[in-house]
Amino acid sequence: MRIENSFIPIRGVGETTERRLWEAGITHWEEFDGSVVGSTTADRIRSFVDVATDHLRRDDARFFDESFPSGERWRLYENFSDDALFFDIETTGLDAARNDVTTVSCYRGGDTTTLVRGDDLTAGALREQFADAPLIVSFNGARFDVPFLEGSFDLSIDAPHLDLMYPCRRLDLTGGLKRIERDVGIDRDRPDISGEDAVRLWREYERGDDAALDTLVSYNREDTENLERLADHVTTRLHEAVCPAAATF
């Protein structure tokens, strides 16, 4: 599912009307001819497509983030996946006012960068990572990772954000990231490490155990890199769930 297959951002077009368009063979903006909907809705579609085509040409993910209903923002992924920033953080606890961020891993374009507290984890380094990302992807990042980073480093992270926890819930995939990975067949190279283990590893590193940091970083990086595989899986399944069987995209 790509942005240009979607009509649901348009006022007056809901799931039923969009599906009717698709079933009539109108699965792309360029194919719209006004024959399936009333004249008012047709005018709105044409007006939106004229404006949206220009924003799409400029890779303006923010326009579409603001245009799509929140539950349908997963549709931005296919257009921006090649340059999306996948990220995950580790902390010493759940309260940003009392606890610290220990590592932040960012995966983009096949490369992973891990920033470590006391070394290169700074506000400036984080701003550089997030600055030009057209789309950021996390798991539970909207409620946890982003507020924690913003509170800890005086940042404003306002890029379009695909938090995979919510599309996973639409597919009845629940129980946390590790369980969901197992449920969809995403394998890990190392044994599962819990959040408590991550805190323990950091404390061991603070006491001089460099191997503990290596393990923590490896764990954080794997969490982050696996987000791409999960996003691919989830958006493919959602595409299959919403699209008529006979429609060709």
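Only a predicted model underlies this, so the values are computations on that prediction, with no experimental measurement involved. Positions within a chain are numbered from 1, following the residues in the order the chain's sequence is written. Note on the predicted model: pLDDT of at least 70 is required for a residue's local features to be given, and 80 or more for side-chain atom pairs to be given and counted; whole-chain, interface and lining totals, by contrast, use all residues. The basis for every side-chain value is the complete set of non-hydrogen atoms in the structure, without hydrogens or water.

Engineer: Is there a simple way to think about the sheet that holds strand β3 (residues 111-116) in this case?
Structural biologist: Backbone-to-backbone hydrogen bonds join strands into a sheet, with any given pair of strands oriented parallel or antiparallel. Taken in spatial order, the five strands make up an open sheet running β3-β2-β1-β4-β5, and their pairing is mixed. Edge strands, defined here as strands with exactly one partner in the open sheet, are β3 and β5 (161-163). With strand direction ignored, the average angle separating the axes of adjacent strands in the sheet is 20 degrees. Here, a strand pair is defined by DSSP locating no fewer than two bridges between the strands. Where helices and strands are cited, they refer to DSSP runs of H or I of at least four residues and of E of at least two residues respectively, numbered from the N terminus. Alignment of strand β1 (residues 85-91) against strand β2 (residues 101-108), held across six bridges, turns out to be antiparallel. Bridge assignment links I89 to a residue of β2, and that residue is V104. Contacts were defined at the residue level, with two residues in contact if any of their heavy atoms lie within 4.5 Å. Angles run from 0 to 180 degrees between N-to-C directions of axes, and those axes are lines fitted to C-alpha atoms, restricted for helices to the stretch in contact. Seen against the sheet, helix α5 (residues 123-130) touches β1, β2, β3 and β4 (136-138) and runs at an angle of roughly 160 degrees to β3. With respect to the sheet, helix α10 (residues 210-242) is in contact with β1, β2, β3 and β4, its orientation differing from that of β1 by roughly 145 degrees.

Engineer: Is there a simple way to explain the pairing of β1 in this structure?
Structural biologist: Two faces make up the sheet, and in a regular strand the side chains alternate between them. The buried count for β1 comes to seven of seven residues, which makes it a mostly enclosed element. With two bridges joining them, β1 and β4 adopt parallel strand pairing. Bridge pairing in β4 links L85 to I136. Categorising residues by exposure relies on relative accessible area from a 1.4 Å probe, with only protein chains included: less than 20% of the type maximum marks a residue as buried, more than 50% marks it as exposed, and the intermediate range marks it as partly exposed.

Engineer: Honestly, the pattern of salt bridges in this entry has me stumped. Any pointers?
Structural biologist: Pairs can form between side chains of opposite charge once their charged atoms are near each other. Only one rule defines a salt bridge in this text: a Lys or Arg side-chain nitrogen within 4 Å of an Asp or Glu carboxyl oxygen. Using the criterion set out here, one finds 22 salt bridges in the structure. Its salt-bridge partner being R108, residue D132 comes within 2.9 Å of it at the nearest N-O pair. Residue D132 is found in the loop between α5 and β4, and its partner R108 is found in strand β2; the two are separated by 24 residues along the sequence. Under the relative-accessibility criterion, D132 is labelled exposed at 55%. Overall, the relative accessible area of 19% leaves R108 in the buried class. In this structure, a network of salt bridges that share partners links the residues K178, E181, R188, E222 and D223.

Engineer: What exactly am I supposed to notice about the packing of aromatic side chains here?
Structural biologist: Centres within 6.5 Å make a pair out of two Phe, Tyr or Trp rings, where for Trp the six-membered ring is used; the pair is then stacked when the planes are under 30 degrees apart, edge-to-face when over 60, and tilted otherwise. Summed over all chains, the structure comprises eleven aromatic pairs. Aromatic pair Y77 and F86: ring centres 6.4 Å apart, planes at 75 degrees, arrangement edge-to-face. Among the aromatic residues, ring-to-ring pairing joins W29, F48, F63 and F64 into one connected group.

Engineer: It is not clear to me how α10 should be interpreted in this structure. Could you clarify?
Structural biologist: Spacing of three or four residues puts side chains on the same side of an α-helix, whose turn is 3.6 residues. For α10, spanning 33 residues, the distance from its first C-alpha to its last is 48 Å, which sits close to the expected 48 Å at 1.5 Å a residue. In protein, a polar contact means a hydrogen-donor-capable atom and an acceptor-capable atom, both N or O and within 3.5 Å, with residues adjacent in sequence counting only if both atoms are side-chain atoms; elsewhere, any N or O pair within 3.5 Å suffices. The backbone nitrogen of A211 lies 3.1 Å from a side-chain oxygen of the residue at the head of α10, namely D209. Expected span of a helix, by definition, is 1.5 Å for each gap between consecutive residues, and there is one gap fewer than residues.

Engineer: Please explain the packing of helix α8 (residues 177-184) against α10 as it appears in this structure.
Structural biologist: Describing two packed helices takes the angle between their axes plus the distance from one axis to the other. The N-to-C vectors of α8 and α10 enclose an angle of 50 degrees; their axes lie 11 Å apart at closest approach. Taken together, the axis directions place α8 and α10 in an arrangement best described as oblique. Both α8 and α10 take part in a crossing whose hand is left-handed. Here L177, K178, I180, E181 and V184 of α8 lie close against α10, whose contacting residues are Y219, D223, N226, L227, L230, H233 and R237. In this count, Pro and Cys sit with the nonpolar residues alongside Ala, Val, Leu, Ile, Met, Phe, Trp and Tyr, while Asp, Glu, Lys and Arg are called charged and the others, Gly among them, polar. The residue inventory of the contact of α8 with α10, partitioned by class, reads six nonpolar, two polar and four charged. Orientation labels follow simple angle bins: below 35 degrees gives roughly parallel, above 145 gives roughly antiparallel, 65 to 115 gives roughly perpendicular, and whatever is left gives oblique. Note on convention: the crossing is left-handed when the near helix lies turned anticlockwise from the far helix by less than a right angle, right-handed when the turn is clockwise.

Engineer: Sorry, what's going on with helix α1 (residues 15-23) here?
Structural biologist: For α1, every residue scored as buried is listed here: T17, E18, L21 and W22. Taken end-on, α1 shows its buried residues confined to a sector of 140 degrees, consistent with a single buried face. Facing away from the buried side of α1, by more than 90 degrees, are the exposed residues E15, T16 and E23. Where α1 is buried, its residues meet α2 (39-57) and α10. In this description, the arc belongs to the directions extending from the helix axis to the C-beta atoms.

Engineer: What is the right way to look at the nonpolar core in this model?
Structural biologist: Within soluble globular proteins, side chains that are nonpolar generally end up buried alongside one another. Nine residue types can take part in a nonpolar core, namely buried Ala, Val, Leu, Ile, Met, Phe, Trp, Tyr and Cys, and a core is a set of them joined through side-chain atoms within 4.5 Å. One finds F7, W29, I45, F64, F139 and L230 to be the most contacted residues of the largest nonpolar core, which totals 50 residues. Elements supplying a minimum of two residues to this core: α1, α2, α3 (61-67), α4 (77-80), α7 (165-170), α8 and α10. Setting aside residues no more than four positions away along its own chain, F64 makes contact with I3, W29, A52, H55, L56 and L76. Among the nonpolar cores identified, the runner-up in size contains 22 residues, and V101, A125, L126 and F144 belong to it.

Engineer: Explain unusual backbone geometry to me, please; I cannot follow it from the model alone.
Structural biologist: Glycine aside, residues mostly have negative phi angles, and peptide bonds mostly take the trans form. Positive phi outside glycine occurs at D154, with the angle close to 55 degrees. Structurally, D154 can be placed in the loop between α6 (141-153) and β5. The phi angle at D172 is positive, at roughly 60 degrees, despite the residue not being glycine. When you line up the elements, D172 lands in the loop between α7 and α8. Residue D172 is classed as exposed on the basis of its relative accessible area of 68%.

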